[in-house]
Amino acid sequence: MNLPDGIQRRRTAVDELNMRSIFTENDLVCAEVRSSQGDGSLQLQARNQKYGKLERGQLLTVDPYLVKRRKQHFHHLEEYGIDLIIGCNGYIWIGEHVEARDKMVVDQGSNSEQLIAECDKNSMDLDEQDGTCTPREARQNICRIANAIRVLSRLGFNITVEVILETVNLSNSLNLDIHDMLGSEFYVLVAESEAERRSLSKRKR
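Here the structure is a predicted model, which is why all the values come from computation and not from measurement. (Residues numbered from 1 in each chain as written. Predicted model: local features only at pLDDT ≥ 70, side-chain atom pairs only at ≥ 80, totals over all residues. Heavy atoms only, no water.)

Chemist: Can you walk me through the sheet that holds strand S6 (residues 57–61) in this structure?
Modeler: Strand pairing in a sheet takes place through backbone hydrogen bonds and is either antiparallel or parallel in direction. Taken together, the four strands give an open sheet; going across it, the order is S6-S9-S8-S7, and neighbouring strands pair in antiparallel fashion. At either end of the open sheet lies a strand with only one pairing partner, and these are S6 and strand S7 (74–77). With strand direction ignored, the average angle separating the axes of adjacent strands in the sheet is 15°. Inspection of the sheet shows S7 paired to strand S8 (residues 82–86) by four bridges, in the antiparallel sense. Looking at S8, one finds that Leu77 is bridged to Ile82. This element, helix H3 (residues 136–155), spans S6, S7, S8 and strand S9 (91–96) of the sheet and lies at about 5° to S6. Each of S7 and S8 touches helix H4 (residues 161–173); the most contacted strand, S8, lies at about 135° to it. (Pairing = 2+ DSSP bridges. Helix = DSSP H or I, 4+ residues; strand = E, 2+ residues; numbered from the N terminus. Axes fitted to C-alpha atoms, helices over the stretch in contact; angles between N-to-C directions. Contact = heavy atoms within 4.5 Å.)

Chemist: It is not clear to me how a nonpolar patch on the surface should be interpreted in this structure. Could you clarify?
Modeler: Taken together, the side chains of Val33, Leu42 and Leu44 present a nonpolar region at the surface, about 300 Å² in accessible area. Using a relative accessible area of 53% as the deciding quantity, one classes Val33 as exposed. (Patch = residues over 30% accessible without salt bridge, like charges linked within 9 Å, V, L, I, M, F, W, Y side chains within 5 Å. Areas by Shrake-Rupley, 256 points an atom, 1.4 Å probe, with all protein chains shown as cover. Salt bridge = Lys/Arg side-chain N within 4 Å of Asp/Glu carboxyl O. Buried < 20%, exposed > 50% of the residue type's maximum accessible area, 1.4 Å probe, protein only.)

Chemist: It is not clear to me how the packing of H4 against helix H5 (residues 184–204) should be interpreted in this structure. Could you clarify?
Modeler: The description of two packed helices rests on the angle between their axes and on the distance between the axes. In contact at an axis separation of 11 Å, H4 and H5 are set at 130° when each is read in the N-to-C sense. Classified by the angle their axes make, H4 and H5 are oblique. Considering the relative orientation of H4 and H5, their crossing is right-handed. Between H4, through Val163, Glu166, Thr167, Leu170 and Ser171, and H5, the contact on the second element is made entirely by Phe186, Leu189, Val190, Ser193, Glu194 and Arg197. (Parallel < 35°, antiparallel > 145°, perpendicular 65-115°, else oblique. Left-handed = near helix turned anticlockwise from the far one by under 90°.)

Chemist: Can you walk me through the pattern of salt bridges in this structure?
Modeler: As a working rule, side chains carrying opposite charge can pair if their charged atoms are close by. Inspection of the entire model under this criterion finds seven salt bridges. A salt bridge links Lys53 to Asp27; the shortest N-O distance between them is 3.6 Å. With a gap of 26 residues between them, Lys53 in strand S5 (residues 52–53) and Asp27 in the loop between helix H1 (13–17) and strand S2 (29–30) connect regions that are remote in the sequence. Across the pair Glu162 and Arg70 runs a salt bridge, and its minimum N-O distance is 2.9 Å.

Chemist: Help me understand the packing of H3 against H4 in this model?
Modeler: Look at H3 against H4: their axes get within 9 Å of each other, and the N-to-C directions meet at 115°. Judged on the interaxial angle alone, H4 and H3 are roughly perpendicular. Here H3 runs over H4; the crossing is right-handed. On H4, the residues that touch Arg144, Ile145, Ala148, Ile149 and Leu152 of H3 are Val163, Ile164, Thr167, Val168, Ser171 and Asn172. In the contact of H3 with H4, the residues fall into seven nonpolar, three polar and one charged. (Nonpolar A, V, L, I, M, F, W, Y, C, P; charged D, E, K, R; others polar.)

Chemist: Just to check I follow, could you spell out the pairing of strand S4 (residues 42–45) for this structure?
Modeler: Each regular strand displays side chains that alternate between the two surfaces of the sheet. For strand S3 (residues 32–36) and S4, the ladder comprises four bridges, and the chain directions are antiparallel. Bridge pairing links Val33 to Leu44 in S4. Linking S3 to S4, which pair antiparallel, is a turn of five residues; within it Gly40 sits at a positive phi near 95°.

Pasting the structure below:
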């Protein structure tokens, strides 16, 4: 897994003992399922910087059948400065964009405790420099995208990054406030837009 400063290394016994210094109960984590055990437990891995603890955003839950398996489930919506993770398990994360740093080092068992201590210190320094407050514009974008997903979910439409962005752009073109996106009028407009999109798709075929 990755440590807080972006360093990745192999797991050691010391890492296991110090795991609580990185993750604690009730943390929200994005990881890959490495394997499943006979007792139903799972082994997770966070191989690079796109995995790990999720902060500064919203987690939504939709019916898994609305999410189709695709090659890419991690999206950076550059126009909005937002990271979007659409999980096949129905969990969708919308959060402030985080620049990924992917450093690879081979673990030296004798230095494990020192590395963890340094990582904790570096992580704290970065938080102090960057501040812990998400900018107002980013929060608004997170809420707007989240409401677009809520609308699509309640209408039972497949949830893809393309359809999400179409719904967000529709709300912007109508100058709708974020909370007004959950009104019945917008539901009708989204349904009509989706019907038109599917009609055009059939014609192209």
